[in-house]
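# Descriptive analysis of the structure
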2 protein chains.
Amino acid sequence: MNNLSSKLLEAAVNELAKLPGIGRKTAVRLALHLLRQNVSDVEVLGNALIKMRSEICFCKICFNVSDTEVCDICSNPARDSGVVCVVEDVRDVMAIENTSQYKGHYHVLGGVISPMDGVGPGDLNIEPLVNRIREGSVREVIMALSPTMEGDTTNFYIYKRLKDLKVLITTIARGVSIGDNLEYTDEITLGRSITNRLPYETTFNR
Amino acid sequence: MNNLSSKLLEAAVNELAKLPGIGRKTAVRLALHLLRQNVSDVEVLGNALIKMRSEICFCKICFNVSDTEVCDICSNPARDSGVVCVVEDVRDVMAIENTSQYKGHYHVLGGVISPMDGVGPGDLNIEPLVNRIREGSVREVIMALSPTMEGDTTNFYIYKRLKDLKVLITTIARGVSIGDNLEYTDEITLGRSITNRLPYETTFNR
């Protein structure tokens with residue numbers, strides 16, 4: 001898909017192809033789709049992207065994306081500010097919010113420690129988390145990072161930083177997914193779910 | 001992926017999710033990716049899309065996308081203006097150009113006749129094609145539409161409009177793809193490739 005007959009099309013395709021998961025063929029398809037839309041619709045799209053990037057802010061408490069200095073979750077008096085759930089990025093906040101099971105606050109790290117990708121503790125919002133806990137109003141920190149090697153490393157680093165402060169550190173349960181078939185569950189998950197077995201009565205009030 | 005904590009993010013995600021093949025989850029992923037880029041990079045993307053849509057023109061002869069009134073192909077004196085290849089859209093021009101096997105001109109229909117989608121002959125650039133052939137300088141029209149029912153219908157409609165004019169109407173060869181395995185080729189393609197068999201000598205100078 002070279003030989004684009006227009007420099008303007010070429011420029012748009014090159015920019016679209018920089019997006020993750022969008023190759024050159026898809027970029028051409030998207031650009032030709034936009035060419036068939038109204039000028040005003042394409043302006044709405046282009047300006048929405050520019051406006052989002054230039055005007056959005058990050059909550060100064062939890063680093064969630066926000067239109068204001070303090071996000072809707074942190075400023076909501078109905079939510080429990082004594083519990084902070086530590087997540088990797090904004091999508092995890094959305095995923096947990098969609099469960100409607102959590103009524104505490106969040107802390108968005110902006111990534112996980114990953115020496116392979118050159119991400120160290122200093123590149124993440126760990127220092128602000130430690131300061132937040134040091135203030136003393138948080139009773140519990142829930143670690144909710146992905147169960148990968150990088151997630152576990154980050155969990156352990158944060159645990160070491162927080163363990164001398166007066167705060168309970170918990171982690172989200174790992175085990176067999178609801179609806180999963182036991183025989184297709186990987187050994188590590190199945191092993192952990194046996195090690196971390198629960199009294200049967202605790203499942204009653206779910 | 002509801003509960004986006006920012007109206008700006010929400011607006012960008014809604015616009016991205018309107019693109020073909022991009023669902024809400026992918027739109028959120030793309031928007032968060034853009035949030036991690038420089039403001040200037042996102043401006044380049046947004047403005048490239050807007051500029052492309054508002055400034056691009058279509059060649060007044062062949063309806064290919066172009067930055068000028070007459071496209072590079074139509075204005076190239078090294079190309080044979082006596083042969084016109086009829087294609088569905090701009091992507092087909094790119095595909096044929098990439099083969100480097102064709103040195104004639106094109107005519108972009110902008111779609112195929114598809115009553116199911118409400119596309120009739122009047123919605124396509126068929127009338128300009130008939131006028132172009134009526135002028136008399138074109139010797140051959142190559143029909144290069146996709147071998148689908150809609151493509152075949154369009155082929156037949158154009159054939160009926162052109163058959164009384166002094167022009168040779170040909171169609172691209174259909175048969176077994178090079179590198180294809182005979183046993184996996186569908187019956188219709190294999191059947192046609194036997195009906196339309198060629199003298200073996202014609203394959204020598206390829």
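Reading the values: rules and limits
Residues numbered from 1 in each chain as written. Chains lettered and ligands numbered in written order. Predicted model: local features only at pLDDT ≥ 70, side-chain atom pairs only at ≥ 80, totals over all residues. Heavy atoms only, no water. Helix = DSSP H or I, 4+ residues; strand = E, 2+ residues; numbered from the N terminus. Buried < 20%, exposed > 50% of the residue type's maximum accessible area, 1.4 Å probe, protein only. Contact = heavy atoms within 4.5 Å. Areas by Shrake-Rupley, 256 points an atom, 1.4 Å probe, with all protein chains shown as cover. Lys, Arg positive; Asp, Glu negative; His and termini not counted. Charge placed at Lys NZ, Arg CZ, Asp CG, Glu CD. Least-squares fit on C-alpha atoms with pLDDT ≥ 70 in both. Pairing = 2+ DSSP bridges. Axes fitted to C-alpha atoms, helices over the stretch in contact; angles between N-to-C directions. Salt bridge = Lys/Arg side-chain N within 4 Å of Asp/Glu carboxyl O. Polar contact = N/O pair within 3.5 Å; in protein donor to acceptor, adjacent residues only side chain to side chain. Nonpolar A, V, L, I, M, F, W, Y, C, P; charged D, E, K, R; others polar. Domains from an automatic or database assignment. Right-handed = clockwise from strand over helix to strand, strands pointing away. Core = buried A, V, L, I, M, F, W, Y, C linked by side-chain atoms within 4.5 Å. Parallel < 35°, antiparallel > 145°, perpendicular 65-115°, else oblique. Left-handed = near helix turned anticlockwise from the far one by under 90°.

### Brief notes about the overall build of chain A
Scanning chain A for helices and strands turns up seven helices and six strands. Counting from the amino terminus, chain A carries its helices and strands in the arrangement α-α-α-β-β-β-α-β-α-β-α-β-α. Here chain A holds 206 residues, and 39% of them are scored as buried. Counted over contacts in chain A with a minimum sequence separation of 6, partners at least 24 positions apart contribute 47%. On chain A, roughly 11,900 Å² of surface is accessible, and the fraction owed to carbon and sulfur atoms is 53%. Treating the 23 positive side-chain charges of chain A as one cloud and the 26 negative ones as another, the clouds have centres 2 Å apart.

### A few points about the relation of the copies chain B and chain A
Take chain B, turn it by 180°, move it 0.0 Å along the axis, and it overlays chain A with an RMSD of 0.1 Å. Expressed as a symmetry operation, the mapping of one chain copy onto the other fits a two-fold axis. Across chain B, the rotation axis passes nearest the C-alpha of B:Gly46, at a separation of 2.0 Å. Both copies share a contact surface, since 100% of the interface residues of chain B are interface residues in chain A too.

### Observations concerning the sheet that holds strand S5 (residues 140-143) of chain A
Residues and elements named next belong to chain A. Within the open sheet, the four strands sit side by side as S4-S3-S5-S6. Their pairing is parallel. Single-partner strands in this sheet number two, and they are strand S4 (104-108) and strand S6 (168-171). Taken over all neighbouring pairs, the strand axes of this sheet differ in orientation by 25° on average, direction set aside. The pairing of S5 with S6 spans four bridges and is parallel. Its bridge partner lying in S6, Ile 142 is registered against Thr 170. Across the sheet, helix H4 (residues 90-99) is in contact with strand S3 (80-87) and S4; its angle to S4 comes to roughly 160°. The sheet contacts of helix H5 (residues 126-134) involve S3, S4 and S5, and relative to S4 the element is tilted by about 150°.

### What about the interface of chain B and chain A?
Tallying the contact residues gives 54 residues for chain B and 54 residues for chain A. The tally of links between chain B and chain A comes to zero salt bridges. Put simply, chain B and chain A have eight residue pairs in polar contact (both at pLDDT 80 or more) between them. For the side of chain B that touches chain A, the elements supplying multiple residues, two or more each, are helix H1 (7-16), helix H2 (24-35), helix H3 (39-55), strand S2 (65-66) and helix H4 (90-99) of chain B. Here the side of chain B that touches chain A takes 16 residues from H3(B), the largest share from any one element. Grouping the amino acids of the side of chain B that touches chain A by side-chain chemistry returns 28 nonpolar, 13 polar and 13 charged.

### Notes on the domain arrangement of chain A
Taken domain by domain, chain A consists of domain 1 (7-55) and domain 2 (65-203). Each of domain 1 of chain A and domain 2 of chain A has a C-alpha centre, and the two are 35 Å apart.

### Some words on the pattern of salt bridges
All names here are of chain A. Under the counting rule described, the total for this entry stands at 18 salt bridges over all chains. Residue Arg 24 is joined to Glu 10 by a salt bridge in which the shortest nitrogen-to-oxygen separation is 3.2 Å. Taken as a pair, Arg 24 in helix H2 (residues 24-35) and Glu 10 in helix H1 (residues 7-16) lie far apart in primary sequence, 14 residues in all.

### Quick word on the packing of H2(A) against H4(B)
It is the contact of H2(A) with H4(B), at a shortest axis distance of 10 Å, that shows an interaxial angle of 145°. Contact residues: A:Val28, A:Arg29 and A:Leu32 in H2(A); B:Val90, B:Arg91 and B:Met94 in H4(B). Its residues assigned to classes, the contact of H2(A) with H4(B) shows four nonpolar, no polar and two charged.

### Structural notes on the sheet that holds strand S3 (residues 80-87) of chain B
Residues and elements named next belong to chain B. Strands sit in the order S4-S3-S5-S6 across an open sheet of four strands; the sheet is parallel. With one partner strand each, in any of the chains shown, strand S4 (104-108) and strand S6 (168-171) form the two edges of the open sheet. Mean inter-strand twist for the sheet, computed between neighbouring axes without regard to direction, equals 25°. On top of the sheet, H4 reaches S3 and S4; it is set at about 160° to S4, its chief contact. Strands in contact with helix H5 (residues 126-134) are S3, S4 and strand S5 (140-143); relative to S4, the strand with the most contacts, it is inclined by about 150°.

### Topic: the side chain of A:His105
Among the structural elements, A:His105 can be located in strand S4. Here A:His105 is in contact with A:Ile73, A:Cys74, A:Arg79, A:Asp80, A:Ser81, A:Val83, A:Val84, A:Cys85 and A:Arg132, once residues within four sequence places are set aside.

### Some points on the pairing of S5(A)
Residue and element names in this part refer to chain A. Pairing of S3 with S5 involves four bridges; the strand directions are parallel. Residue pairing across strands places Cys 85 opposite Ile 142, the latter belonging to S5. Remark: the S5/helix H6 (residues 149-162)/S6 crossover connection has right-handed handedness.

### With respect to the pairing of S3(B)
As a general feature of sheets, a regular strand has side chains that alternate between the two faces. All names here are of chain B. In terms of residue burial, S3 counts as a mostly covered element, since six of its eight residues are buried. Pairing of S3 with S4, which is carried by five bridges, proceeds in the parallel orientation. Within S4, the position partnered with Val 87 by the bridge is Val 108.

### A word on the nonpolar core
A:Leu9, B:Leu9 and B:Met52 are the most contacted members of the largest nonpolar core, which totals 46 residues. The set of elements that each furnish at least two residues to this core consists of H1, H2, helix H3 (39-55) and H4 of chain A together with H1, H2, H3 and H4 of chain B. When near neighbours in sequence (up to four residues on either side) are disregarded, B:Met52 contacts A:Leu8, A:Leu9, A:Ala12, A:Ala31, A:Leu34 and A:Leu35.

### As for the packing of H3(A) against H2(B)
Where H3(A) meets H2(B), the axes come as close as 9 Å, and the angle between the chain directions of the two elements is 50°. Regarding the angle of H3(A) to H2(B), the classification is oblique. Where H3(A) crosses over H2(B), the handedness of that crossing is right-handed. Residues A:Leu49, A:Met52 and A:Arg53 of H3(A) form the contact with H2(B), whose own contacting residues are B:Ala31, B:Leu34 and B:Leu35. When grouped by side-chain class, the residues that make up the contact of H3(A) with H2(B) number five nonpolar, no polar and one charged.

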